[in-house]
Structure formats: structure tokens, C-alpha cells
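These are the residues of each chain, in order.
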Amino acid sequence: MTKNELKKMAGYAALEYIKHNMIVGVGSGSTVNYFIDILSTQKKLIKGTVSSSIASTNKLISLNIPIIDSNNVDNVDVYIDGTDEFNPDLMMIKGGGAALTCEKVIAAMSKKFIAIADKSKKVTILGNFPLPVEVIPMARSFVSRQLTKLGGIPKYRENVVTDNGNIILDIHNLNIINPIDLENKINSISGVVTVGLFANRAADVVLLASPTGVEKLLSKK
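Here we summarise the structure given alongside this text. Nothing here was measured: the structure is a model prediction, and the numbers come from that model. (Residues numbered from 1 in each chain as written. Predicted model: local features only at pLDDT ≥ 70, side-chain atom pairs only at ≥ 80, totals over all residues. Heavy atoms only, no water.)

### Concerning the sheet that holds strand β7 (residues 131-135)
Thought 1: Overall, antiparallel pairing links the four strands, which are arranged β8-β9-β7-β10 in an open sheet. A strand with exactly one partner marks an edge of an open sheet, and here the two such strands are β8 (153-156) and β10 (192-195). Mean inter-strand twist for the sheet, computed between neighbouring axes without regard to direction, equals 30°.
Thought 2: Of the strand pairs in this sheet, β8 and strand β9 (residues 167-172) are connected by four bridges, and their pairing is antiparallel. Residue pairing across strands places P154 opposite I171, the latter belonging to β9.
Thought 3: The sheet contacts of helix α4 (residues 100-109) involve β7, β9 and β10, and relative to β10 the element is tilted by about 65°. (Pairing = 2+ DSSP bridges. Helix = DSSP H or I, 4+ residues; strand = E, 2+ residues; numbered from the N terminus. Axes fitted to C-alpha atoms, helices over the stretch in contact; angles between N-to-C directions. Contact = heavy atoms within 4.5 Å.)

Quick look at the structure:
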């Protein structure tokens, strides 16, 4: 099976979690696009969606799926998003598509966080995928120096501006043994908007697609 076929399997499997009158958080990326496609068949069932990116919002609008401003709800019933890497505790690296800040907000608002992925995203230790950090532009050099002190090699993601008007630093050469500790340290650096470590708020479920089907991995917490 191709990677796109696996992504489609994972995206479609998430439909199981969509129930009547729900507010659904919608993430970003290629796997989520398949979820949005299948969600369009249930758009009359749900109350609406809270979107994590301009790209996802545009796709939702194109399919006439209702959108709700995040400021007008207290929480979302379920949040469906992809992942760049996840470990056995369902902690993740996200942000390859530069939407990490809004994704993190919706994850924090969610009653249940479902990650959808193909089998290549499962790792033992996080860090093979470069860790994205959203940074305000004037702090780029300062933040880079602080990230270097943490043992990483930060690289400016050129020609990328986030939906919030900021820039992305990708940290290479990390072996993330304690994701919560690293998430807290990076988030405490002045000029950092947020880091793409989803450790304090890990996924509740990962739907992992492989040629044999979709495996449901549950949080141990």
C-alpha cells in the first residue's frame, strides 16, 4: 500500500469518534485532509468544527462544513490531528506544517485528542524528526542561541511564515528522553510562542494505519 492509502485509512478511521451534535477540532496536514473528506459526509450531524489552520479552514469551507470560532466555545468534544512522530506514551512532535500553535490550543481545549498516522510515525524515542519551534521574528537569533545550549542544532525554516505571522526554527540532533521537561524548558525561553512537543497534552488515542489495518493505541494515563 502507498503512504497516501495508509493516511486515508487512518483519516477515515477517525469517523468512529464523531457523534451527534459534537464540536469537532480539526488539525492540519495531508492525513487530516482525508479526515475532512470523510467528515463532509457527516456535516449535518455535527454542531461545527474548530479549525487549526487557514489551509484546513479553506478546505472545510470548500466542503460546506460549518466552522465555529474557537473564542465562542469552552471546549471541543474531540480533536482529530496528524503527527510527525509519536512515542509509546503517545507524546508527539508536531509542526511540520507550521500550524503547531493553533494545533496546541485546540488540543488543550479538547475533551479527547485523537491522532491519526501511518506506521512510519511510530518511534521509541522522539527527536529523529526535527522539533519545530514557533518564534517571534525579532527573537530568532536569541532563541537559536538558547536552543543550542539545550543540545540542539536550530535551523531557520526559510520562506515560512506561520498563520500568526511568526517564524519557525527546526531543532535537529535531539534525543528527547524527557519530553515534558524539554517542552517546559523551551516554552520558558523569551520569544518562543510554543514548541511542537505535545507532551504535557499527549494524545488520548492514536489510530495507526498499516497494510494489515488500523490499530488503536490508547494512552496509558
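After that view of the structure, there is still more to cover.
### With respect to empty space enclosed by the protein
Any empty space left between the atoms is revealed when a probe the size of a water molecule rolls over them.
Thought 1: In total, this model carries one cavity of 30 Å³ or more according to the counting rule given.
Thought 2: In this structure, the largest cavity encloses a volume near 40 Å³.
Thought 3: Along the walls of the largest cavity sit S52, A98, A99, L100, T101, C102, E134, T162, D163 and N164, which together make up its complete lining.
Thought 4: With three residues, the top contributor of residues to the lining of the largest cavity is α4.
Thought 5: Counted by class, the lining of the largest cavity contains four nonpolar, four polar and two charged residues. (1 Å grid on protein atoms, 1.4 Å probe; cavity = no way out; pocket = protein on both sides within 12 Å on 5 of 7 lines; lining within 4 Å. Points joined across faces, edges and corners; volume = space filled by probe spheres on them. Nonpolar A, V, L, I, M, F, W, Y, C, P; charged D, E, K, R; others polar.)

### Side note on the packing of helix α2 (residues 30-39) against helix α3 (residues 54-62)
Thought 1: It is at 10 Å that the axes of α2 and α3 come closest, and there the two elements cross at 25°. Classed by the angle they form, the pair α2 and α3 counts as roughly parallel. The way α2 lies across α3 gives a crossing that is right-handed. Contacts between α2 and α3 involve N33, I36 and D37 from the former and S56, K59 and L60 from the latter.
Thought 2: Tallied by class, the residues present in the contact of α2 with α3 amount to two nonpolar, two polar and two charged. (Parallel < 35°, antiparallel > 145°, perpendicular 65-115°, else oblique. Left-handed = near helix turned anticlockwise from the far one by under 90°.)

### Considerations on the side chain of S210
Thought 1: Tracing the sequence through the fold places S210 in strand β12 (residues 205-210).
Thought 2: Among the polar contacts made by the side chain of S210, one reaches the side chain of T212 at a distance of 2.9 Å.
Thought 3: Setting aside residues up to four positions removed in sequence, S210 forms contacts with M1, L6, M9 and K119. (Polar contact = N/O pair within 3.5 Å; in protein donor to acceptor, adjacent residues only side chain to side chain.)

### Quick look at the layout of surface pockets
Thought 1: Estimated volume of the largest pocket: approximately 380 Å³.
Thought 2: In terms of lining residues, the largest pocket is bounded by 29 residues, among which S28, G29, S30, G97 and E103 are the most central.
Thought 3: Counting only elements with at least two residues in the lining of the largest pocket, the list comes to α1 (3-13), α2, α3 and β6 (113-118).
Thought 4: Tallied by class, the residues present in the lining of the largest pocket amount to seven nonpolar, 13 polar and nine charged.

### Here we look at the packing of α1 against α2
Thought 1: Where α1 meets α2, the closest approach of the two axes is 8 Å, and the angle between their N-to-C directions is 50°. Relative to α2, α1 is oriented oblique. Note on packing geometry: the crossing formed by α1 with α2 is right-handed. Note on element contacts: α2 touches α1 through S30, T31, Y34, F35, D37 and I38, opposite N4, K7, K8, A10, G11 and Y12.
Thought 2: Grouping the amino acids of the contact of α1 with α2 by side-chain chemistry returns five nonpolar, four polar and three charged.

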